[in-house]
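An overview of the molecular structure
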Amino acid sequence: MAPQQRKPHVCRNPDLIRGVGKYSRSKMYHKRGLWAIKAKNGGAFPKHEKKAVAAAPAEKPPKFYPADDVKKPLVNKRKARPTKLRASITPGTVLIVLAGRFKGKRVVFLKQLTSGLLLVTGPFKINGIPLRRVNQSYVIATSTKVDISGVNVEKFDDKYFGKKVEKKKKKGEGEFFEAEKEEKNTLPQEKKDDQKSVDAALIQCIEAVPDLKSYLGARFSLKAGMKPHELVF
Amino acid sequence: MPFKRYVEVGRVALVNYGKDYGKLVVIVDVIDQNRALVDAPDMVRGQMNFKRLTLTDIKIEIKRVPNKKTLIAALEAGDVKNKWENSSWGRKLIVQKKRASLNDFDRFKIMLAKIKKAGVVRQELAKLKKETA
């Protein structure tokens, strides 16, 4: 047991109403045992002498006073945190993307990145959605979950998805245009391999559930008579 | 067109408005022209306006205001639960509840099943048409 673990002490002087305690000053004196402390100290309450304050070095008056009073900005102690994740979104949840190129597609949620965006994958073979970032606000979480324990998503972070900064080239006009075109079109092999490795384990788990594969391949749409506020996702 | 379902002690009714919406309750006493004393195994006995109740065909044998134990025994004896769930009204309500609680994945699976069923029906129809033609 850790040394000096005390049970949390109930208040000695409970409030009758806010600002009014149950016990009077003299009762509290006895309750706190101040008489015992005094007795131990020979009749007077123990004092300790003030610590000698080191003499502050003589401050010179400043040479320069600003003309106007500048207001100091208020102190801000807030910390940057990733967006609070909805309780319905857990790793392995099937999400419905609502906006963008893949609107209506059903997608598997992998993890939340430090920027707050959700890391998501189709899987690519099933519905053509690669490892991608998606904002939580543009997503409906369904209650269907896929087992994601066999997938390693440690290496993916926001930098992985950032735009690649190209080094500035000197402008030789003819060469300039050709070189640009070549670099933009291809996806680096590394990213393709990452996609394959993440999807391999996922697809096995998906195929274990009947119809789940075709479910992920299909798009969601509202049909006649479907009321979104009454639908259970 | 005479009435068939009467308000009487022992009449099973469905609550159609209010906190207990959708529950089956038993009319245990009549208070006045508008209200009944109503009881069910999972609720505290209380009064309810007749306008909040819809009478069913089911009736059980109880005396006026029985205690909870007797009421539950009478409900068992009258087999109210099974009668209700096998009646067409009860079955409809069960289907409605099931449909409302369907998952997005469930809806997808149902769509596939409907398409499959329609395909089979159409095949059979084509066969029959061929025979008669």
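Structure: above.
This section reports on the structure supplied with the text. (Residues numbered from 1 in each chain as written. Chains lettered and ligands numbered in written order. Predicted model: local features only at pLDDT ≥ 70, side-chain atom pairs only at ≥ 80, totals over all residues. Heavy atoms only, no water.)

**Side note on the packing of aromatic side chains**
Here the structure, examined in full by the defined rule, presents six aromatic pairs over all chains. An angle of 65 degrees between the planes, with centres 5.7 Å apart, marks the rings of A:Phe220 and A:Phe233 as edge-to-face. Of this pair, A:Phe220 sits in the segment after α7 (212–217) while A:Phe233 sits in the segment after α7, and the two are 13 residues apart along the sequence. A residue is classified by how much of its surface remains accessible, and A:Phe233, at 17% relative accessible area, is buried. Aromatic ring contacts, followed pair by pair, group A:Phe156, A:Tyr160 and A:Phe161 into a single cluster. For the cation-ring pair, B:Lys109 lies above B:Phe105, with the distance from its terminal atom to the ring centre recorded as 4.4 Å. (Phe/Tyr/Trp six-rings, centres within 6.5 Å; stacked < 30°, edge-to-face > 60°. Helix = DSSP H or I, 4+ residues; strand = E, 2+ residues; numbered from the N terminus. Buried < 20%, exposed > 50% of the residue type's maximum accessible area, 1.4 Å probe, protein only. Lys NZ or Arg CZ within 6 Å of the ring centre and 35° of its normal.)

**Examining the side chain of B:Asp29**
Residues and elements named next belong to chain B. The residue Asp29 is located in strand β2 (residues 24–30) in this model. Only 2.9 Å separates the side chain of Asp29 from the side chain of Arg64, close enough to count as a polar contact. Ignoring anything within four residues of it in the chain, the contact list for Asp29 reads Val9, Ala36, Leu37, Arg64 and Val65. (Polar contact = N/O pair within 3.5 Å; in protein donor to acceptor, adjacent residues only side chain to side chain. Contact = heavy atoms within 4.5 Å.)

**Considerations on a nonpolar patch on the surface**
All names here are of chain A. On the surface, Leu16, Ile17 and Val20 cluster together into a nonpolar patch covering about 300 Å² of accessible area. Residue placement: Ile17 occurs in strand β1 (residues 15–17). Classification of Ile17 by relative accessible area gives exposed; the value is 60%. (Patch = residues over 30% accessible without salt bridge, like charges linked within 9 Å, V, L, I, M, F, W, Y side chains within 5 Å. Areas by Shrake-Rupley, 256 points an atom, 1.4 Å probe, with all protein chains shown as cover. Salt bridge = Lys/Arg side-chain N within 4 Å of Asp/Glu carboxyl O.)

**Things to note about the pairing of strand β1 (residues 11–15) of chain B**
Residues and elements named next belong to chain B. Among the five residues in β1, five count as buried, and that is most of the element. Of the two faces of β1, both are covered, the one formed by Arg11, Ala13 and Val15 as well as the one formed by Val12 and Leu14. The sheet contact formed by β1 and strand β5 (residues 53–59) spans four bridges and is antiparallel. Within β5, the residue paired with Ala13 across the bridge is Leu55. Sheet topology note: the β1/β2 ladder contains three bridges and is antiparallel. (Pairing = 2+ DSSP bridges.)

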